[in-house]
Amino acid sequence: MRQKGILLNTKDIDLVNAIEELGDSHAATSHETPLREDAFEMDDDLKMELIEKHFKEIMHVLGLDLTDDSLKGTPKRVAKMFVQEVFSGLNPKNKPVAKLFENKYNYSEMLVEKDITFYSHCEHHFVPIYGKAHVAYVSSGKVIGLSKINRIVQYFSKRPQVQERLTVQIGNELREALGTEDVAVVLDAYHMCVSSRGVKDVNSSTITSFYSGVFKQDEKRREEFLKYLSMEK
């Protein structure tokens, strides 16, 4: 006997068909995170309320007993985590303000910030991506507080992502914030959508890079940056 299911309207059916046709072929869009124009018309409290409601329904469909002491608070916790933590980078109001300072030391070599830990989520399966970001820039007369580099990495990480887009977003933001074209970014990350499902390869990592200005034009500068990343600790 067939169980009762959720009724789908025509638009839902079209979406399901489109997803089935797409399968594992992950189409790229642009370096901008795909957001609707009305993405921030709803305040965070209402978003959390609605996510809690819908996640409760997901748990119900999975057959979980929401009266259990261990589970009954889960929908609220997930809603708060989504909005205030792991996807907080979607909201422009959370973007870090990059205050610049005069380069009074006249430091003209590259500055490298390596091993910046980041956590993100794959936008195809909503499972974690985690790894290290390595960033370098050459001052054009201004410098930035070191912690702001970490915050920029984390801001763009805290949204559903693909690693290629994340790398470009960090690179472009650093160029704009620092007022220099001389920026390099390398991300080395593990994808739970690869290690915990599908092919289940727990050993492979993914490396992406962004080079602009002198790092793109001067091979020696780029090699110097990469050499710093391989330094023994």
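For the structure given in this document, a descriptive report is provided here. Since the model is a prediction, treat every value here as computed from it, not as a measurement.

## Focus on the packing of aromatic side chains
Here is step 1: Applying the stated criterion to the full structure yields six aromatic pairs.
Here is step 2: With a centroid separation of 4.9 Å and an interplanar angle of 75°, the aromatic rings of Tyr155 and Phe156 are classed as edge-to-face. In terms of burial, Tyr155 and Phe156 fall into one category: buried.
Here is step 3: Summarising the aromatic geometry, the rings of Phe215 and Phe225 are spaced 6.0 Å apart at their centres and angled 70° between planes, so their arrangement reads as edge-to-face. One end of the pair, Phe215, is in helix H7 (residues 214-217); the other, Phe225, is in helix H8 (residues 219-229), and 10 residues separate them in sequence.

## Brief notes about H8
Here is step 1: All of the buried residues in H8 are Arg221, Phe225 and Leu229. Buried residues of H8, viewed axially, fall in a sector of 90°; they line one side. The exposed set on the far side of H8, more than 90 degrees from its buried face, consists of Glu219, Lys220 and Lys227.
Here is step 2: Here the buried face of H8 lies against strand S2 (110-122), strand S3 (128-138), strand S6 (183-191), strand S7 (206-212) and H7.
Here is step 3: Measuring from the side-chain oxygen of the N-cap residue of H8 to the backbone nitrogen of Lys220 gives 3.0 Å; that N-cap residue is Asp218.

Definitions and cut-offs
Residues numbered from 1 in each chain as written. Predicted model: local features only at pLDDT ≥ 70, side-chain atom pairs only at ≥ 80, totals over all residues. Heavy atoms only, no water. Phe/Tyr/Trp six-rings, centres within 6.5 Å; stacked < 30°, edge-to-face > 60°. Buried < 20%, exposed > 50% of the residue type's maximum accessible area, 1.4 Å probe, protein only. Helix = DSSP H or I, 4+ residues; strand = E, 2+ residues; numbered from the N terminus. Arc of directions from axis to C-beta. Contact = heavy atoms within 4.5 Å. Polar contact = N/O pair within 3.5 Å; in protein donor to acceptor, adjacent residues only side chain to side chain.

What is shown is where atoms sit, not what they do.
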